[in-house]
Amino acid sequence: MLARKSIIPEEYVLARIAAENLRKPRIRDRPRKARFIAKNGACNLAHKNIREQGRFLQDIFTTLVDLKWRHTLVIFTMSFLCSWLLFAMMWWLVAFAHGDMDPSTENSANSTKWTPCVTCVRSFTSAFLFSIEVQVTIGFGGRMMTEECPLAITVLILQNIVGLIINAVMLGCIFMKTAQAHRRAETLIFSRQAVIAVRNGKLCFMFRVGDLRKSMIISASVRIQVVKKTTTPEGEVIPIHQVDIPVDNPIESNNIFLVAPLIICHVIDKRSPLYDISAADLVLQDLELIVILEGVVETTGITTQARTSYVAEEILWGHRFVPIVTEEEGVYAVDYSKFGNTVKVAAPRCSARELDEKPSILIQTLQKSELSHQNSLRKRNSMRRNNSIRRSNSMRRTNSSLIVPKVQFITPEGSQSASET
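Residues numbered from 1 in each chain as written. Predicted model: local features only at pLDDT ≥ 70, side-chain atom pairs only at ≥ 80, totals over all residues. Heavy atoms only, no water.

Novice: Honestly, the overall build of the chain in this entry has me stumped. Any pointers?
Specialist: From N to C terminus, the chain includes 12 helices and 16 strands. The buried share of the chain, reckoned over its 421 residues, is 30%. In the chain, the proportion of contacts linking residues at least 24 apart, taken out of those at least 6 apart, comes to 63%. Here the chain displays about 29,000 Å² of accessible surface, and carbon together with sulfur accounts for 58% of that area. (Helix = DSSP H or I, 4+ residues; strand = E, 2+ residues; numbered from the N terminus. Buried < 20%, exposed > 50% of the residue type's maximum accessible area, 1.4 Å probe, protein only. Contact = heavy atoms within 4.5 Å. Areas by Shrake-Rupley, 256 points an atom, 1.4 Å probe, with all protein chains shown as cover.)

Below you can see the structure in the form of structure tokens.
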């Protein structure tokens, strides 16, 4: 607007805008890549164009367990209804073939002592009710089998066997769905973010894992894998290239005692895929670190697995987790409100390779952090000293304002006397 009114030349305005654009370069947001494992452990993978669908029917029990609850309940209900209707049709055919449906036969039954195959089965509705009584073993007593028809006895045995099979399969399926291992993994939690900091003189990748239940996970083990897209020297593109990275564990075995939240550490050394990555390169890396925790549930004996992943944006360089386990009145207490809290610490911004080649970088970083810490302490002490001086001066001023000046009184005799009030 000022340029339009000729107050400021237009050339100056354009030059200033260009200078501002040069000082503040535009950073284009890199499109977020889909992660393989979600934070809750779900696999972000869709199976498409599966032609051999019959393979799922070969393992029908696992297929039923993997179905959603609404589908399982529909199949559970329809299996019983279909079996009841099928055998109701068979009972109706047995009664119809024997002549139990003919009213004339029923009228002549009093004189000839005629015996039906199943008493009180005169329609399809009564046959359906008798089918339910046989399969569910209710036995109201109004309808019963007789010795008249061997075919009816065969149908009775067949229905009992089929009913037992349906009960075993469906109840077992529902039990397995309610006792699935991933339900136990809901109480195994991971920190929302991972950190990279110096531990024992080396750069380490760390995250925290904990168990919310009192029942423990037996023989718990932690595995870490790096998943990224790579290209071989021959030009082959591997979209999901998995690389195992070791976990630093003072115990020879890979098992951990998960009685309280633990910080799992991976030392970034020559074997690590993070060996050549610095703090500046980490943001540009297209990698995902998948964490897998496996163990046996103490109460059920079922093996469970909990998963999570960390992408480059979720890894904090130069941070450390705060301690959350304290001893209170002889009991170790865990404050889960600070489970994912971190604090900044001194850490070199270079890669682990550069740190191994030049160990002096770590010493210089620690010295700088120590000097900055001392300077901050000096500033705090000086501020406290200044505040105390200001308070003492203000107190002196208030005290001096409260002092009453001396007043002289002159007596009639002309003598002066001083008194204080």
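Novice: Would you mind showing me how to read the confidence of the model for the chain here?
Specialist: Low-pLDDT stretches of the model should not have their predicted coordinates read in fine detail. Averaged over every residue, the pLDDT of the chain is 78; residues scoring 70 or more account for 79%. Across the chain, the element-wise mean pLDDT spans from 46 in strand E16 (residues 416–419) up to 92 in strand E11 (residues 319–321). Of the regions scoring below 50 in pLDDT, residues 414–421 engages in 14 contacts with residues more than four places distant in sequence or in other chains. (pLDDT = per-residue confidence, 0-100.)

Novice: In this structure, what is going on with the packing of aromatic side chains? I would like to understand it.
Specialist: Describing an aromatic ring pair means giving the distance of the ring centres and the angle of the ring planes. Applying the stated criterion to the full structure yields eight aromatic pairs. For the ring pair Trp92 and Phe96, a centre distance of 5.4 Å and an interplane angle of 10° mean the geometry is stacked. In this pair, Trp92 and Phe96 are both assigned in helix H4 (residues 69–98), four residues apart and thus about one turn of the helix distant. On the basis of an interplanar angle of 50° and a centroid distance of 6.2 Å, the ring pair of Phe205 and Phe207 is categorised as tilted. Comparing Phe205 with Phe207, the two get one shared label, buried. Ring pairs connect the aromatic residues Phe76, Phe80 and Trp84, which therefore count as one cluster. Geometry around Trp69 places Lys177 over its ring, the cationic atom sitting 5.2 Å from the centre. (Phe/Tyr/Trp six-rings, centres within 6.5 Å; stacked < 30°, edge-to-face > 60°. Lys NZ or Arg CZ within 6 Å of the ring centre and 35° of its normal.)

Novice: Which parts of the structure should I look at to understand the environment of Arg223?
Specialist: Residue placement: Arg223 occurs in strand E4 (residues 217–231). Overall, Arg223 belongs to the partly exposed group, its relative accessible area being 32%. Sequence separation between Arg223 and Ile245 is 22 residues, and the spatial gap between their C-alpha atoms is 7.8 Å.

Novice: Would you take a moment to explain H4 for this structure?
Specialist: Since the α-helix advances by 3.6 residues per turn, residues separated by three or four positions end up pointing in the same direction. Taking 1.5 Å per residue, 30 residues should reach 44 Å; H4 reaches 44 Å between its end C-alpha atoms and fits that length. Within H4, burial applies to Thr72, Ser79, Phe80, Ser83, Trp84, Phe87, Ala88, Trp91, Val94 and Ala95. Packing partners of the buried residues in H4 comprise helix H3 (60–66), helix H7 (124–136) and helix H8 (150–178). Within two residues after H4, Gly99 carries a phi angle of roughly 90°, on the positive side. (Expected span 1.5 Å × (residues − 1).)

Novice: Would you mind going over H8 with me for this structure?
Specialist: For H8, with 29 residues, the first-to-last C-alpha span of 42 Å sits near the 42 Å given by 1.5 Å per residue. Inspection of H8 places Ala152, Val155, Gln159, Gly163, Ile166, Met170, Cys173 and Lys177 among the buried residues, and these make up the whole buried set.

Novice: Got a minute to help me understand the UniProt feature "transmembrane region" (unreviewed entry) in the chain in this structure?
Specialist: In this structure's numbering, the residues bearing the UniProt feature "transmembrane region" (unreviewed entry) are residues 73–94 and 151–175. Across residues 73–94, the secondary structure splits into 100% helix and 0% strand, with the terminal C-alpha atoms separated by 32 Å. For residues 151–175, helix accounts for 100% and strand for 0%, while the C-alpha atoms at its two ends are 36 Å apart. (UniProt positions renumbered as here; feature names shortened; annotations may be inferred.)

Novice: What is the right way to look at the nonpolar core in this model?
Specialist: Burial of nonpolar side chains together is a common tendency in soluble globular proteins. With 39 residues, the main nonpolar core has Phe205, Phe207, Leu289 and Leu293 as its most contacted residues. When near neighbours in sequence (up to four residues on either side) are disregarded, Phe207 contacts Phe190, Ser191, Ala194, Val222, Ile224, Leu262, Ile263, Ile264, Val291, Tyr310 and Phe321. In terms of nonpolar packing, the next biggest core, distinct from the first, is built from 14 residues, Trp91, Val94, Ala95 and Val118 among them. (Core = buried A, V, L, I, M, F, W, Y, C linked by side-chain atoms within 4.5 Å.)

Novice: Just to check I follow, could you spell out the pattern of salt bridges for this structure?
Specialist: A side chain with one charge can pair with a side chain of the opposite charge if their charged atoms come near. On inspection of all chains with the given rule, the structure shows six salt bridges. Glu314 serves as the salt-bridge partner of Lys39, at 3.4 Å between the closest nitrogen and oxygen. Of this pair, Lys39 sits in the loop between helix H1 (10–23) and helix H2 (54–58) while Glu314 sits in the loop between strand E9 (303–311) and strand E10 (315–317), and the two are 275 residues apart along the sequence. Overall, Glu314 belongs to the buried group, its relative accessible area being 13%. (Salt bridge = Lys/Arg side-chain N within 4 Å of Asp/Glu carboxyl O.)

Novice: Please clarify how a negative patch on the surface should be interpreted in this entry.
Specialist: Among the surface-exposed residues, Asp281, Glu354, Asp356 and Glu357 lie close enough to one another that they form a single negatively charged patch. Considering each element in turn, the negative patch owes the most residues, three residues, to helix H11 (residues 352–357). The topology assignment puts Asp356 in helix H11. (Patch = residues over 30% accessible without salt bridge, like charges linked within 9 Å, V, L, I, M, F, W, Y side chains within 5 Å. Lys, Arg positive; Asp, Glu negative; His and termini not counted. Charge placed at Lys NZ, Arg CZ, Asp CG, Glu CD.)

Novice: Explain the environment of Ile315 here, please?
Specialist: With respect to the secondary-structure elements, Ile315 resides in strand E10. Residue classification places Ile315 among the buried residues on the basis of a relative accessible area of 7%. In this view, Ile315 contacts Ala194, Ile196, Phe205, Leu282, Leu289 and Tyr310; residues no more than four positions away in its chain are not counted.

Novice: Is there a simple way to think about a nonpolar patch on the surface in this case?
Specialist: Judged by side-chain polarity, Leu57, Ile60, Phe61, Ile153, Ile157, Ile161, Ile165, Val169, Phe175 and Met176 come together as a nonpolar surface patch covering roughly 910 Å² of accessible area. At the level of secondary structure, the elements contributing two or more residues to the nonpolar patch comprise H3 and H8. Considering each element in turn, the nonpolar patch owes the most residues, seven residues, to H8. With respect to the element layout, Phe175 can be found in helix H8. Judged by relative accessible area, which is 54%, Phe175 ranks as exposed.

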